[in-house]
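Take a look at the letters that make up each chain.
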Amino acid sequence: MSYNILAINPGSTSTKIALYKEETKVFEKSITHTAKELEGFDEVLDQFEFRKNVIKSVINEENIDVKALSAIVGRGGMLPNMKAGGYVVNKDMLDTFKEGLASPHASNLGALIAHDLAEPLGIPAYIYDAVTSDELQEIAKITGLPEIRKQSICHVLNMRAVSRKIADKYGKKYEDMDILAAHLGGGISLSVHHQGRIIDCIRDDEGPFAPERSGSIPMLYMVDMCYSGEYTKKDMIKKLRGNGGLKAYLGTQDLRDVQAMIDDGNKQAELLFEAQAYQISKAVCTLSAVLSGKYDCIILTGGMAYSKSLMEKISERVGFIAPVEVVPGEFEMEALAMGARRILKGQEEAKEYVHP
């Protein structure tokens, strides 16, 4: 039986749509949303009809026969109590979103729109590898304050997808490998994959600074800023996510712009580029201790991995741990579709979400 799968991925400023026939991508399209288009929505979930109509327009433009679809899969959002892998979009999941129990994020719309489009067609709606998929070992959840328990929030979808690709390259199963993966994009997160589970991670708010995120900051400085009276909570969150990192220093989050500055003799840009590689390398080395340095490979992926110079600088510092595999870009749409395909083929079992 041949499976046709529609994948949808709502991001903060874009909506991506892709159609796969078995393992072949028929088309993929990314629609960018301007700040003006989104400013009228007070809450993320208020964008539901707008985003759904964008997707329906693409379906019509591409002449997709929706009656031939086998399933629709959306990006998993910020739901509590998640494990990695696929979930059926069920009533408990929908209620959790609608009751505001999931942290606000555009990816939450993935499940809602997938269900709304799939239900009239009588086909299943899934989500796969949600951002909040949490399989951390217990020791990794301990923080220095009993009031705070660490939760896994990282680029699960892309890091697991790329890890599967590298496992194929090595002629092994993903579940039989030990991998240290780093997703290097607008935000940076790293994770330890031990026999098919992410058992530890460095979140985007506790590791290296990124093109538009501050990464970890000495906490006493942050306390001073928070209580200075100069910033609201919203201001501080924006400093950490959106206006931090390279953007805060240089006014751009594009590494190509940074490289151009370096070529023009900008010493600050050069120092920041070196610091970026330095901090990413330190984070890799931090996680290397989780499995006592015994890794099959280290994976560097995401948009920043297109920078050959950055990858060389990181590889020089961490190559002593394990072989370094550079896989530029992200494979989220493929990961969504292939996850749904494995479920349809009976190679994986879709989980049932339970209301927290």
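Cut-offs applied
- Residues numbered from 1 in each chain as written.
- Predicted model: local features only at pLDDT ≥ 70, side-chain atom pairs only at ≥ 80, totals over all residues.
- Heavy atoms only, no water.
- Core = buried A, V, L, I, M, F, W, Y, C linked by side-chain atoms within 4.5 Å.
- Buried < 20%, exposed > 50% of the residue type's maximum accessible area, 1.4 Å probe, protein only.
- Helix = DSSP H or I, 4+ residues; strand = E, 2+ residues; numbered from the N terminus.
- Domains from an automatic or database assignment.
- Contact = heavy atoms within 4.5 Å.
- Buried area = accessible area lost by both parts, 1.4 Å probe.
- Pairing = 2+ DSSP bridges.
- Axes fitted to C-alpha atoms, helices over the stretch in contact; angles between N-to-C directions.
- Phe/Tyr/Trp six-rings, centres within 6.5 Å; stacked < 30°, edge-to-face > 60°.
- Salt bridge = Lys/Arg side-chain N within 4 Å of Asp/Glu carboxyl O.
- Polar contact = N/O pair within 3.5 Å; in protein donor to acceptor, adjacent residues only side chain to side chain.
- Parallel < 35°, antiparallel > 145°, perpendicular 65-115°, else oblique.
- Left-handed = near helix turned anticlockwise from the far one by under 90°.
- Nonpolar A, V, L, I, M, F, W, Y, C, P; charged D, E, K, R; others polar.

Membership of the largest hydrophobic core comes to 35 residues, with the highest contact counts inside it found for L184, L190, I298, L310 and I314. Those elements giving two or more residues to this core turn out to be strand 7 (178-184), strand 8 (188-194), strand 9 (197-202), helix 8 (245-250), helix 9 (255-263), helix 10 (267-288), strand 10 (297-302) and helix 11 (308-318). The next biggest cluster of nonpolar side chains, apart from the first, holds 32 residues, and it includes I8, L69, V89 and A130.

So, about the domain arrangement of the protein. Split by domain assignment, the protein resolves into domain 1 (4-135 + 333-352) and domain 2 (156-328). When each unit is reduced to the centre of its C-alpha atoms, the spacing between domain 1 and domain 2 is 26 Å. Taken together, the contacts link 14 residues of domain 1 with ten residues of domain 2. Taking both sides of the interface into account, the surface hidden between domain 1 and domain 2 amounts to around 890 Å²; carbon and sulfur atoms contribute 51%. The three residues of domain 1 that bury the most area against domain 2 are D129, E135 and A335, which together make up 54% of that side's buried surface.

To continue, consider the pairing of strand 8. Burial analysis of strand 8 places six of its seven residues in the buried class, which makes it a mostly covered element. Pairing of strand 7 with strand 8 involves seven bridges; the strand directions are antiparallel. Within strand 8, the residue paired with D178 across the bridge is H194. Count of turn residues in the strand 7/strand 8 antiparallel hairpin: three residues. Pairing of strand 8 with strand 9, which is carried by five bridges, proceeds in the antiparallel orientation. What sits directly across from H194, in strand 9, is R197. Two successive antiparallel strands, strand 8 and strand 9, enclose a turn made up of two residues, where Q195 displays a positive phi of approximately 55 degrees.

Pairing within the open sheet is mixed, and its five strands lie in the order 9-8-7-10-11. Edge strands, defined here as strands with exactly one partner in the open sheet, are strand 9 and strand 11 (324-328). Between one strand and the next, the sheet's axes are offset by a mean angle of 20 degrees, whatever the strand orientation. In terms of strand pairing, strand 7 meets strand 10 through five bridges, oriented parallel. When the bridges of strand 10 are listed, I179 appears paired with C297. Across the face of the sheet, helix 10 comes into contact with strand 7, strand 8, strand 9 and strand 10 while running at roughly 25 degrees to strand 8.

Let us look at the environment of E312. Mapping E312 onto the fold places it in helix 11. According to the relative accessible area criterion, E312 is partly exposed, its value standing at 40%.

The subject of this paragraph is the packing of aromatic side chains. The tally for this structure, following the rule as stated, stands at two aromatic pairs. Here F41 and F50 contribute two aromatic rings whose centre-to-centre distance is 5.7 Å and whose plane-to-plane angle is 40 degrees, an arrangement assigned as tilted. Each ring, one from Y87 and one from Y353, has its centre 6.3 Å from the other, and the planes form 70 degrees; the classification is edge-to-face. Within this pair, whereas Y87 is found in strand 5 (residues 86-88), its partner Y353 is found in the segment after strand 12 (351-352), the two being separated by 266 residues in sequence. The burial state of Y87 is the same as that of Y353; both residues are buried.

As a further point, take the pattern of salt bridges. Overall, the coordinates contain 25 salt bridges when judged by the stated rule. Between K29 and E61 there is a salt bridge, with the nearest N and O atoms lying 3.0 Å from each other. One end of the pair, K29, is in strand 3 (residues 24-32); the other, E61, is in helix 2 (residues 48-61), with 32 residues separating them in the sequence. A residue is classified by how much of its surface remains accessible, and K29, at 28% relative accessible area, is partly exposed. The salt bridge partner of R203 is D205, with a shortest N-O separation of 3.0 Å. Linked by salt bridges that have partners in common, R164, E175, R342 and E348 make up one network.

To continue, consider the side chain of T132. One can find T132 in the loop between strand 6 (125-128) and helix 5 (156-169). Within polar-contact distance, the side chain of T132 engages the backbone oxygen of G77 at 3.5 Å.

Okay, the packing of helix 3 (residues 91-98) against helix 4 (residues 109-118) next. Following both chains from N to C, one finds helix 3 and helix 4 inclined at 130 degrees, their axes separated by 10 Å at the closest point. Judged by the inter-axis angle, helix 3 sits oblique to helix 4. As for how helix 3 packs across helix 4, the hand of that crossing is left-handed. Where helix 3 approaches helix 4, its residues M93, L94, F97 and K98 are matched on the opposing element by A111, L112 and H115. Residues belonging to the contact of helix 3 with helix 4 are distributed by class as follows: five nonpolar, one polar and one charged.

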